[in-house]
Amino acid sequence: MNFYLKMKDMATTVVWFRNCLRLHDNLALLEASKVSSHVVCLFIFTPSVYDPKYMGINRFNFLLQSLQDLKKQLKEIYNGYMVLLETKGKYKDVFEELAEKTKIDNIFYEYDSTPYAKKRDQSINDYLKREHPNIQFRAFQGHTLTDLTKIVGKKGFKNPINMNMVEKIMLDEFGIRKSGSGINVPAPIDNPQTINFNTKFAESIKSFSKNVNVLKEVPNLNQLCDIFGESFKEID
């Protein structure tokens, strides 16, 4: 048997959705569909997401609407599922529990260059490398048009202070269009053709976790206080 096919037959990949709440232009999801026999589309609500100190209600409502749309598309296009988790702890706590008590081979996600996200992702990566080295924790480009780490790491790089400098960076990266004018920005990546979902993942979490709640649906504004706590009791 071809080794790659054998690995695909056995592999379970979690696609951790964060800012990238879309099916197209999603390299993490596309790669998971290619290398996995079972895919878990996961979104985690932690206080860093839902606490009003960090996110205003209008932005949070937009997030909920985007999740609802993503969940609907997964169902309509692939007859698939979105696993929604809520915890009062940290992301690392959730992944520690999933790594210990479920069968996961890969965790794929879209790279986020913000200081908070880099620190969060590094802490999860460090834990997995130390305690579960067989689980691959892999970031994919997509949050920005260019690979920021690659560009910043180039010899002689200087932070752009005007649009001319930004344009030069983009031209160096993508070149000029062959027809017409402007920068040759790559076309969006299509949706995966097929995705095979792990339909029992959410139920398995319910069976062992006391710190993570599995949500059946994306919450609406009237449910925020019941699910996320008293922080939302003043929401009308």
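This text follows the structure it describes.
Scoring rules and cut-offs
Residues numbered from 1 in each chain as written. Predicted model: local features only at pLDDT ≥ 70, side-chain atom pairs only at ≥ 80, totals over all residues. Heavy atoms only, no water. Pairing = 2+ DSSP bridges. Helix = DSSP H or I, 4+ residues; strand = E, 2+ residues; numbered from the N terminus. Axes fitted to C-alpha atoms, helices over the stretch in contact; angles between N-to-C directions. Salt bridge = Lys/Arg side-chain N within 4 Å of Asp/Glu carboxyl O. Buried < 20%, exposed > 50% of the residue type's maximum accessible area, 1.4 Å probe, protein only. Phe/Tyr/Trp six-rings, centres within 6.5 Å; stacked < 30°, edge-to-face > 60°. Lys NZ or Arg CZ within 6 Å of the ring centre and 35° of its normal.

A. Region of the structure containing the sheet that holds strand β3 (residues 82-87). Pairing within the open sheet is mixed, and its 6 strands lie in the order β5-β4-β1-β2-β3-β6. Each having just a single partner strand, β5 (136-140) and β6 (212-215) make up the two edges of the open sheet. Adjacent strand axes in the sheet meet at a mean angle of 30°, parallel and antiparallel pairs treated alike. Pairing geometry for strand β1 (residues 12-16) and strand β4 (residues 106-110), over 4 bridges, is parallel. Pairing of W16 across the sheet is with Y109, part of β4.

B. The arrangement of the pattern of salt bridges in detail. Tallied over the full model, the rule gives 14 salt bridges. The partner of K101 in a salt bridge is E97, with the nearest N and O atoms 3.9 Å apart. Within this pair, K101 and its partner E97 are both found in helix α5 (residues 91-101), separated by 4 residues, close to a single helical turn. Overall, K101 belongs to the partly exposed group, its relative accessible area being 48%. By relative accessible area, E97 is classed as buried at 14%. Salt bridges linked by common partners bring R18, R120 and D121 together as one network.

C. Broad picture of the packing of aromatic side chains. Tallying each qualifying case throughout the model produces 10 aromatic pairs. Relative to Y91, the ring of W16 lies with its centre 5.3 Å away and its plane at 50°, an arrangement referred to as tilted. Here W16 is found in strand β1, whereas its partner Y91 is found in helix α5, with 75 residues between them in sequence. Here W16 and Y91 have matching classes, each one buried. Look at W16 and Y109: their rings are 6.0 Å apart centre to centre, the planes differ by 55°, and that puts the pair in the tilted class. Taken together, the residues span a long stretch of sequence, with W16 in strand β1 and Y109 in strand β4 at a distance of 93 residues. Judged by relative accessible area, W16 falls into the buried class, the value being 2%. Look at Y109 and you get buried, because its relative accessible area is 7%. One aromatic cluster in this structure is built from W16, Y91, F95, Y109 and F137. The side chain of R18 reaches across the aromatic face of W16, ending 4.4 Å from its centre. Directly above the aromatic system of Y91 lies the positively charged group of R120, at a separation of 5.2 Å from the ring centroid.

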